[in-house]
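The primary structure of each chain is shown beneath.
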Number of protein chains: 2
Amino acid sequence: MSSAEGRPPSYGSTRGRPRSEAVEQAILEGVMQLLEDGVPLADVSIERIARSAGVGKAAIYRRWSDKEDLFVDVMWAAEPAEPELPGTSMRDDLVVLLESMRQRSLVSVLSAILHNAHAQMRSSPKLWAAYHSGVITPRRDLGLKVLRRGRTNGELRTDVDLELAVEMFVGPLLTRAFIRHDPDLPDGLAEQIVDTVLHGLRPVSSASA
Amino acid sequence: MSSAEGRPPSYGSTRGRPRSEAVEQAILEGVMQLLEDGVPLADVSIERIARSAGVGKAAIYRRWSDKEDLFVDVMWAAEPAEPELPGTSMRDDLVVLLESMRQRSLVSVLSAILHNAHAQMRSSPKLWAAYHSGVITPRRDLGLKVLRRGRTNGELRTDVDLELAVEMFVGPLLTRAFIRHDPDLPDGLAEQIVDTVLHGLRPVSSASA
């Protein structure tokens, strides 16, 4: 699979022989194991990956020209597929989107990559660009599509900037997952966020402005 | 000033001689200049700082036992003081808080430190802990105080979790500042976020549930 163009692995691999795919998988899982163990991305060396995966370093270099390309493929392998939206209402679609994000936040590998990708934005532009174009932008576009549909259906106020509206739904979840020392991400959080953002925070007896 | 306990520099320095304070200031500014130039935190070495500040390495080692302690002090030096709240209404206080955050997001030094502190959470626990206890927690507590006051005054609905409410206000701003490729943080954004979060996103003709 080629990561340079940002194609997710779900498009399939044409690298034939099973043994080669098994080695590739072992390498990806070797990186994930190190990240799950809390090794900072910067300390994940080819040598350490080789040991973790139980392969020789040459096996890694044969497949990836540098560490960054490997990390991009690890990211693709760790990312869950885009969620299927029920399409029953804007509120229901938003809950599924947020729930998918909540689940992803609970996956430490993704968390480690995101934390690191962010900071390494300036030094690993390839990783950040791949993450932005391959994960962030598609999810954001999906959110915008849901809100646009909701606006057409009379489920969303028509005078709000859609980009801001997306940030109002994902913002609380991202903030909680990445800023809090010990984030509390329980079941039901997605519904709670969606419904509270929709209804607003003014006292319920206030007249609509 | 001692950074280990997380005291902000506004508490003053008792290191007497002016020449010593000038050297200390030059060192802090030397680090800030490197970060503003886009040098990743991991690449900011004592040697590089010494060159940037125009001092000898010994001058740095005399004052800070390791790089992390120095970065913590750089963070304190770069952080603006807590904003003064007008106290005229919950809405007005929230706007001042968010505007202060928006201003801080525009300061690249703080942005660089925050990006890096985040990722280095696992490898630089001192920096993250100092940032969390010295910046994040006090700001969050201030936000909670404003919301509690608003709830007492009938300006905030009484059935919402206050922690979530804080995240609803700061979330959109943080998301925009850190996730967007080219964040748009114009004047007026603080008011826009506060008012939209307060009123909610349902169409204005909806009856209150």
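Residues numbered from 1 in each chain as written. Chains lettered and ligands numbered in written order. Predicted model: local features only at pLDDT ≥ 70, side-chain atom pairs only at ≥ 80, totals over all residues. Heavy atoms only, no water.

**Q** Sorry, what's going on with the overall build of chain A here?
**A** Scanning chain A from terminus to terminus reveals nine helices and zero strands. Going residue by residue from the N terminus, the α and β elements of chain A occur as α-α-α-α-α-α-α-α-α. When burial is assessed residue by residue, chain A has 51% of its 209 residues classed as buried. In the form shown here, chain A has an accessible surface area of approximately 9,700 Å², with 50% of it arising from carbon and sulfur atoms. (Helix = DSSP H or I, 4+ residues; strand = E, 2+ residues; numbered from the N terminus. Buried < 20%, exposed > 50% of the residue type's maximum accessible area, 1.4 Å probe, protein only. Areas by Shrake-Rupley, 256 points an atom, 1.4 Å probe, with all protein chains shown as cover.)

**Q** Looking at this structure, I do not really get the UniProt feature "DNA-binding region" (unreviewed entry) in chain A. What am I missing?
**A** Those residues carrying the UniProt feature "DNA-binding region" (unreviewed entry) are residues 45-64 of chain A in this numbering. Each end of residues 45-64 of chain A is marked by a C-alpha atom, and these two atoms are 13 Å apart; helix forms 65% of the span and strand 0%. (UniProt positions renumbered as here; feature names shortened; annotations may be inferred.)

**Q** What is the right way to read the UniProt feature "domain: HTH tetR-type" (unreviewed entry) in chain A from this model?
**A** The UniProt feature table records "domain: HTH tetR-type" (unreviewed entry) at residues 21-82 of chain A. Helix makes up 66% of residues 21-82 of chain A and strand 0%. Its end C-alpha atoms lie 24 Å apart.

**Q** Got a minute to help me understand the pattern of salt bridges in this structure?
**A** A side chain of one charge can pair with a side chain of the opposite charge if their charged atoms are brought near each other. Residue and element names in this part refer to chain A. Taken as a whole and assessed by the stated rule, the structure comprises 22 salt bridges over all chains. A salt bridge links Arg-149 to Asp-93, with the nearest nitrogen and oxygen atoms 2.7 Å apart. Remark: Asp-93 occurs in helix 5 (residues 90-105) and Arg-149 occurs in helix 7 (residues 125-152); sequence separation between them is 56 residues. The network of salt bridges with common partners includes Arg-91, Asp-92 and Asp-195. (Salt bridge = Lys/Arg side-chain N within 4 Å of Asp/Glu carboxyl O.)

**Q** I would appreciate a short explanation of the environment of Ile-49 of chain A in the present structure.
**A** Position of Ile-49 of chain A among the secondary structure elements: in helix 2 (residues 46-53). Separated by 125 residues in the primary sequence, Ile-49 of chain A and Leu-174 of chain A have C-alpha atoms spaced 29 Å apart.

**Q** When you look at helix 5 (residues 90-105) of chain B in this model, what are you seeing that I'm missing?
**A** It helps to recall that an α-helix has 3.6 residues per turn; residues three or four apart then point in one direction. If you check helix 5 of chain B, its first and last C-alpha atoms are 23 Å apart, about what 16 residues at 1.5 Å a residue would give, namely 22 Å. Three or more residues of helix 5 of chain B are buried, namely Met-90, Asp-93, Leu-94, Val-95, Leu-97, Leu-98, Ser-100, Met-101, Arg-102, Arg-104 and Ser-105 of chain B. (Expected span 1.5 Å × (residues − 1).)

**Q** Would you take a moment to explain the confidence of the model for chain A for this structure?
**A** Interpretation of this model should avoid reading the predicted coordinates in detail wherever pLDDT is low. Residue and element names in this part refer to chain A. Confidence along chain A averages 84 in pLDDT terms, with 81% of residues attaining 70 or more. Looking at the elements of chain A, mean pLDDT is at its lowest for helix 6 (residues 108-119), recorded as 62, and at its highest for helix 9 (residues 189-199), recorded as 98. Here residues 1-13 is modelled with pLDDT under 50, and outside its nearest four sequence neighbours on either side it reaches 16 contacts, counting other chains as well. (pLDDT = per-residue confidence, 0-100. Contact = heavy atoms within 4.5 Å.)

**Q** Whenever I open this one, the packing of helix 5 of chain B against helix 8 (residues 162-179) of chain B confuses me. Can you help?
**A** Working note: a packed helix pair is described by the angle between its axes plus the distance between those axes. Residues and elements named next belong to chain B. At a minimum axis distance of 11 Å, the contact between helix 5 and helix 8 shows a crossing angle of 15°. As summarised for this structure, helix 5 and helix 8 are arranged roughly parallel, according to the angle between their axes. You can see that helix 5 and helix 8 cross each other, and the crossing is right-handed. Residues Leu-94, Leu-98, Met-101, Arg-102 and Ser-105 of helix 5 touch helix 8, and the partners they reach there are Phe-169, Val-170, Leu-173, Leu-174 and Ala-177. (Axes fitted to C-alpha atoms, helices over the stretch in contact; angles between N-to-C directions. Parallel < 35°, antiparallel > 145°, perpendicular 65-115°, else oblique. Left-handed = near helix turned anticlockwise from the far one by under 90°.)

**Q** Help me understand the environment of Thr-175 of chain A in this model?
**A** Here Thr-175 of chain A is to be found in helix 8 (residues 162-179). At 2.8 Å, the side chain of Thr-175 of chain A and the backbone oxygen of Gly-171 of chain A are in polar contact. (Polar contact = N/O pair within 3.5 Å; in protein donor to acceptor, adjacent residues only side chain to side chain.)

**Q** What's the story with the side chain of Glu-167 of chain A in this structure? I'm lost.
**A** Position of Glu-167 of chain A relative to the elements: it lies in helix 8. Glu-167 of chain A gets classed as buried once you look at its relative accessible area, which sits at 5%. Apart from the residues within four sequence positions on either side, Glu-167 of chain A is in contact with Pro-172 of chain A together with Pro-172, Thr-175, Arg-176 and Arg-180 of chain B.

**Q** Whenever I open this one, the environment of Arg-202 of chain B confuses me. Can you help?
**A** Relative to the assigned elements, Arg-202 of chain B resides in the segment after helix 9 (189-199). Remark: the alpha-carbon pair of Arg-202 of chain B and Thr-88 of chain B, spanning 114 residues in sequence, is separated by 27 Å.

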